[in-house]
Structure formats: structure tokens, C-alpha cells
Amino acid sequence: MTSIKEQAAISRLLSFLQDWDNAGKVARSNILNNFIEANQGKTAPELEQEFSQGASLFLVRLTTWLRLTYMTGSPLDKLLRSIGIFLSAVSSNRYLIEFLEVGGVLTLLEILALNKIKEEDKKESIKLLQVIANSGRKYKELICESYGVRSIAEFLAKSKSEETQEEVQVLLDSLIHGNPKYQNQVYKGLITLLPCASPKAQQLALQTLRTAQSIIGTTHPSIVDCVLKVLCTMHLEVQYEAIELIKDLVNYDVRPALLKGLVALLIPSFKETSKLHSEIVSDSSVLELTAHLPLFLQQAAAAKAIGILARHNTTLAEEMLHLRVVHSLMAAMGNTDHSNSQRQASLTLKYFVELFQVVEEHVRKTMGEELYKLFLSNAENLYMKIDSIQADILAANKVNVARALHLSGLSYSDMSFYVGHPNEDQVAYITHFQKEDVEEKEEEEGKGASEASQEAKAMWQGSLAEGRSHSQAPVDSS
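- Naming follows an unreviewed UniProt entry, where the chain appears as Armadillo-like helical domain containing protein 1 of Rangifer tarandus platyrhynchus.

Put into C-alpha cells, the structure is as follows:
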């Protein structure tokens, strides 16, 4: 037989449940307020003690009311917070299973997609999904199997609250960890977020992608195009995250495509540029709009990214020489429609000039002594000092360092001798074998050797002979 004390506790529980069952919206809201205030942070045993071992009876009423009202647009924040007290309590596995058995995950995901529900209520739904995901691998899999990744990603893209978006990022980060069965699904979902219209969503997706990339270890083919398109953003925080991800991606199999794509962005498509000009030609503020064309923003960001990559890894700089990066940087320097493109391209080109003597020779020859000295003295502000003729010279340059490298037969390993300050023995050693190599090629090719080939070889030999007189900046070879 139960004691008088236990009977009194059961009586209080039945009275509480009866009050809830008979209450209207206002009364239930007051009951929830009192419950949240009295039970926040309690453990599962403490909740059971509070409800005389009948806490599940109240939880089932909360979940039932949630399923009955969430589609009507009624306020859900207090209801969801009350459910959260049960799910987040220590030793609450029983409550979690009871909530999931009645379709709790699907209900929370459906809340995210309903326009009539307030942003604050959706934020509470995300917090409950976080609690479920953090409960273990099988619960993460349940969310993913319920088409959760798609629903969560779409909500992140559409949300207007940065605070809510940050909560979504925490959830996605949880789903990417300890979830080998569906981690690729989360990874692809993050990539689909990159073209979205929300700068905050782009920033958070890029941040989470860096984590996901290190966990998965392989890349998806679409990531290169998506990341490069993000560079057209006007938001510097998004551009920063995109460049940080690019720095990671060059260590994977997409490196050739990524470097090629970056160099290609330095010379925007004429058709695309003309299309954009035609759309703004009737606007009185045409100059201001031209300065913010997405293609030119992308061009400036690409020049900046190339400079960062080259400084971070000399090998990357060498690879980009073979992609005609010098020609493309000089062309960007001649883009008088966008000063930041000129500035970023000029700073990056100066580093290549200081790093490689062959680049210095080509750039000096193309620019002429006057423009070249002006470039060396103040590369960052060169765009403010050049005239239209000098800008045209840069834009129409025919520099082809890649061709010179090919004709001279130097590989990446050979080029490493030109980085930094070469000593006399290194220069003499390379010059000796470079000369022998050129003589052998001339004998084999005979009279059929082209004038361009001879010019390139002569340029390389002249560059080598002057190696001791050129002062170059130290290189970060990390």
C-alpha cells in the first residue's frame, strides 16, 4: 500500500494534469511559464521526483499539443523550451525516445519550413535538434534520414536572423562530426548553400565546409566552381572565408582546376562584362555601379587570393607561372573600371617579380623602364599614377612566361634556384648546365628553331647572369 505522503504526491500530479487538460491557451501559457522557471536545468531523476514518477505523462501532453498547434501559427517558444527541459536533462534518454517515437524529429523539421511560424520559434526548434543530434550517432542518422539536412540548409539560407543562423551552423557542425554514414550528405548540403543570397549563410557555410573537408578527406567536383563564384561578393567577411577555404582546397585533388580557375578570373569574359554594362548604361551613377560589377569584384578577389597562395607556398607560385598568371595580372592592372582590381593585381605581381627573375625580365621589358620604376616604387598606389596609354599597355600585354619556361626546358625543381638570394656558386652551376642544354637543343633543332625560342633562351641566360645583382624579398616557404 502507498503511504499517505505518496498518495498526496499522486493527487497533486493528477490535479496538475487535470488543470492542464482543462486550460485554454492563456492558462496553458502561464503553466508553461511556471514550469520553465521551476525546472530549468533539473536532471531526469529530479523531474521524476517533481512529478511523482509521472513526468512522462506531462511530456506526452506537451508533444501532443505541439503536433496539434504548430501548423496554426500559434506561439511555440514556451512549449518548445518546456520540451527542451525534458530532452536536455541529465539521464533523459527515456524522454528522448518517447519524443522521437511520436514523430518529434519530423515535427521540428516541418516547423522550419512553415512561413507563418515566428523566427524565434524556429530558433527553439533548432536548439531541440541540437540536443537530439548531440545525444549520439544513431540520432544524427535519424535526423539525416528524415531529410533533415535539406530542411536545415534551406532554413539557414532563408533565415533573417544572424543569431538563429549561428545556431543552425552549430547543428550542421554537430551533424558532420561522428556521422560517417551521412557526413557526405551534410558536405554536399553545405556546398549547395554557397550560391544563396544570404551573406551570413555563405560565411557560415564556408566556415563549416573547412571542417567538413578535413573530416571527409575528399572533394566534390562542384566545390571549385561554387567557391570561385562566391568571390564576386561585396562582403569582405564572406570573401575572407572563401579564400581561407581555397587555401585548404589546394592541398586536395582539385588543385589544378582551382588554380586554373583563379587565373581565369583575372580576365573577365567580354560577353558577360558587356551584358552588365548594357544593364546599367541608362543609370546616371554608371561609374559607381561599374566599380561594383560582380565580375570586377571577383577579379580583385582572385588577384588577392593568388597573392596569398603564392606567399603561402612557393610551389603554387611556380605552378601558376605555367598558367600565364603574369600576363593575367598585368591585364587586371590595366582595368581602369575597377581600382581595387588594379591594386590587388599590382601587389601580387610585385611579389612574383621579386620572387622570380624571369618574371622581372618579362615585366620590365613589357612595361618599359619608366613604368617599371614607378611600379617598383609604389605598387599599391600605381593605379592612381598611370595614364590611359600605360593602362592600355598593361591591358594588352603579350607576356608569356609559361612559353619561355617551356622553351628553356626548366622544371619546378630547377626554378627553385631562383627563389630568394642565389649565391655565386648556384648561379654559375645553373648557368653552365643551362648553356649546355641550350646548345644541345640548338644542334638538334638546327636551322628550324624559331626566333621566339632563341629569344626566350637568351632572356633566361641574361636573367641568370644578372642573378647576383638582383635583390629579392625573402619567401615564406611554409
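1. Topic: the overall build of the chain
So, point 1. For the chain, the helix and strand inventory stands at 29 helices and 0 strands.
So, point 2. Out of the 478 residues belonging to the chain, those deemed buried represent 49%.
So, point 3. Restricting to contacts in the chain with at least 6 residues of sequence separation, those with at least 24 account for 73%.
So, point 4. Working note: accessible area of the chain is about 23,400 Å², and carbon and sulfur atoms make up 52% of it.

2. Focus on empty space enclosed by the protein
So, point 1. For the structure shown, the criterion picks out 2 cavities of 30 Å³ or more.
So, point 2. Taken as a whole, the second largest cavity encloses approximately 30 Å³ of empty space.
So, point 3. Together, Thr63, Leu66, Arg67, Phe99, Val102, Gly103, Gly104 and Thr107 line the second largest cavity.
So, point 4. Mapped by element, the contributors of at least two residues to the lining of the second largest cavity are helix H4 (55–69) and helix H7 (104–113).
So, point 5. A class-by-class count of the residues in the lining of the second largest cavity yields 3 nonpolar, 4 polar and 1 charged.

3. Brief notes about the nonpolar core
So, point 1. Judged by nonpolar contacts, the single largest core of 129 residues is most densely connected at Met320, Val325, Val326, Leu349, Phe352 and Met367.
So, point 2. Setting aside its immediate chain neighbours within four residues, Leu349 contacts Val326, Leu329, Met330, Met333, Val363, Met367 and Phe375.

4. Describing the environment of Ser29
So, point 1. Examined against the element boundaries, Ser29 turns out to sit in helix H2 (residues 25–39).
So, point 2. Along the backbone, Ser29 and Leu76 are 47 residues apart, and their C-alpha atoms lie at a distance of 9.9 Å.

5. Regarding helix H24 (residues 369–377)
So, point 1. Buried residues of H24: Leu371, Tyr372 and Phe375, and no others. The arc that holds the buried residues of H24, viewed along the axis, is 100°, so those residues lie on one side. In H24, the exposed positions that point more than 90 degrees away from the buried face belong to Glu370, Lys373 and Ser377.
So, point 2. Check the buried side of H24 and you find it contacts helix H21 (325–333), helix H22 (339–355), helix H23 (357–367) and helix H25 (388–395).

6. Structural notes on the side chain of Ser56
So, point 1. Inspection of the secondary structure puts Ser56 in helix H4.
So, point 2. There is a polar contact of 2.9 Å between the side chain of Ser56 and the side chain of Arg94.
So, point 3. A polar contact of 3.0 Å, which involves the side chain of Ser56, links it to the side chain of Glu98.
So, point 4. Other than its neighbours up to four places away in sequence, Ser56 contacts Glu48, Arg94, Tyr95 and Glu98.

7. Some details on the packing of helix H13 (residues 199–216) against helix H15 (residues 236–249)
So, point 1. Direction vectors running N to C along H13 and H15 enclose 20°, while the axes themselves pass 9 Å from each other. Taken as axis vectors, H13 and H15 run roughly parallel relative to one another. For the element pair H13 and H15, the recorded crossing hand is left-handed. Within the contact between the two elements, H13 uses Pro199, Gln202, Gln203, Leu206, Gln207, Leu209, Arg210 and Gln213 and H15 uses Glu237, Val238, Glu241, Ala242, Glu244, Leu245, Asp248 and Leu249.
So, point 2. By residue class, the composition of the contact of H13 with H15 is 7 nonpolar, 4 polar and 5 charged.

8. Structural notes on the environment of Ala157
So, point 1. Looking at where Ala157 falls in the secondary structure, it is placed in helix H10 (residues 148–158).
So, point 2. For Ala157 and Cys196, which are 39 residues apart along the polypeptide, the C-alpha to C-alpha distance reads 6.2 Å.
So, point 3. Among all residues touching Ala157, those that are not within four sequence positions of it are Leu193, Cys196, Ser198 and Ala201.

9. Some remarks on the packing of aromatic side chains
So, point 1. Scanning all chains against the criterion turns up 12 aromatic pairs.
So, point 2. Centre to centre, the rings of Trp20 and Trp65 are 5.3 Å apart; their planes meet at 85°, and the pair counts as edge-to-face. Of this pair, Trp20 sits in helix H1 (residues 4–22) while Trp65 sits in helix H4; the two residues are 45 residues apart in sequence, bridging distant segments of the chain. This pair shows no difference in class: Trp20 is buried, exactly as Trp65 is.
So, point 3. Taken together, the ring pairs in this structure connect Phe16, Trp20, Phe35, Phe51, Phe58, Trp65, Phe86 and Tyr95 into an aromatic cluster.
So, point 4. In this arrangement the basic side chain of Arg28 is found over the ring face of Trp65, its NZ or CZ atom lying 5.2 Å from the centre.

10. Let's talk about the pattern of salt bridges
So, point 1. For the structure shown, the criterion picks out 17 salt bridges.
So, point 2. Between Asp21 and Arg61 there is a salt bridge, with its nearest N and O atoms 3.0 Å apart. Here Asp21 is found in helix H1, whereas its partner Arg61 is found in helix H4, with 40 residues between them in sequence.
So, point 3. Its relative accessible area of 39% is what places Asp21 among the partly exposed residues.

11. Some thoughts on H2
So, point 1. Helix length check: H2, at 15 residues, gives a terminal C-alpha distance of 21 Å against a target of 21 Å (1.5 Å per residue), a fit within 8%.
So, point 2. Those residues of H2 that fall on the buried side of the exposure criterion are Arg28, Ile31, Leu32, Phe35, Ile36 and Asn39. One side of H2 holds all its buried residues, which, seen down the axis, span an arc of 135°. Within H2, the exposed residues directed more than 90 degrees away from the buried face are Val26, Asn34 and Glu37.

12. Concerning unusual backbone geometry
So, point 1. Of note in this structure, Ser52 is not a glycine but carries a positive phi near 55°.
So, point 2. Position of Ser52 relative to the elements: it lies in the loop between helix H3 (44–50) and H4.
So, point 3. At Ser91, a position not held by glycine, the phi torsion is positive, near 65°.
So, point 4. With respect to the helices and strands, Ser91 occurs in the loop between helix H5 (77–88) and helix H6 (93–101).
So, point 5. Owing to a relative accessible area of 59%, Ser91 belongs among the exposed residues under this scheme.

Cut-offs applied
- Residues numbered from 1 in each chain as written.
- Predicted model: local features only at pLDDT ≥ 70, side-chain atom pairs only at ≥ 80, totals over all residues.
- Heavy atoms only, no water.
- Helix = DSSP H or I, 4+ residues; strand = E, 2+ residues; numbered from the N terminus.
- Buried < 20%, exposed > 50% of the residue type's maximum accessible area, 1.4 Å probe, protein only.
- Contact = heavy atoms within 4.5 Å.
- Areas by Shrake-Rupley, 256 points an atom, 1.4 Å probe, with all protein chains shown as cover.
- 1 Å grid on protein atoms, 1.4 Å probe; cavity = no way out; pocket = protein on both sides within 12 Å on 5 of 7 lines; lining within 4 Å.
- Points joined across faces, edges and corners; volume = space filled by probe spheres on them.
- Nonpolar A, V, L, I, M, F, W, Y, C, P; charged D, E, K, R; others polar.
- Core = buried A, V, L, I, M, F, W, Y, C linked by side-chain atoms within 4.5 Å.
- Arc of directions from axis to C-beta.
- Polar contact = N/O pair within 3.5 Å; in protein donor to acceptor, adjacent residues only side chain to side chain.
- Axes fitted to C-alpha atoms, helices over the stretch in contact; angles between N-to-C directions.
- Parallel < 35°, antiparallel > 145°, perpendicular 65-115°, else oblique.
- Left-handed = near helix turned anticlockwise from the far one by under 90°.
- Phe/Tyr/Trp six-rings, centres within 6.5 Å; stacked < 30°, edge-to-face > 60°.
- Lys NZ or Arg CZ within 6 Å of the ring centre and 35° of its normal.
- Salt bridge = Lys/Arg side-chain N within 4 Å of Asp/Glu carboxyl O.
- Expected span 1.5 Å × (residues − 1).

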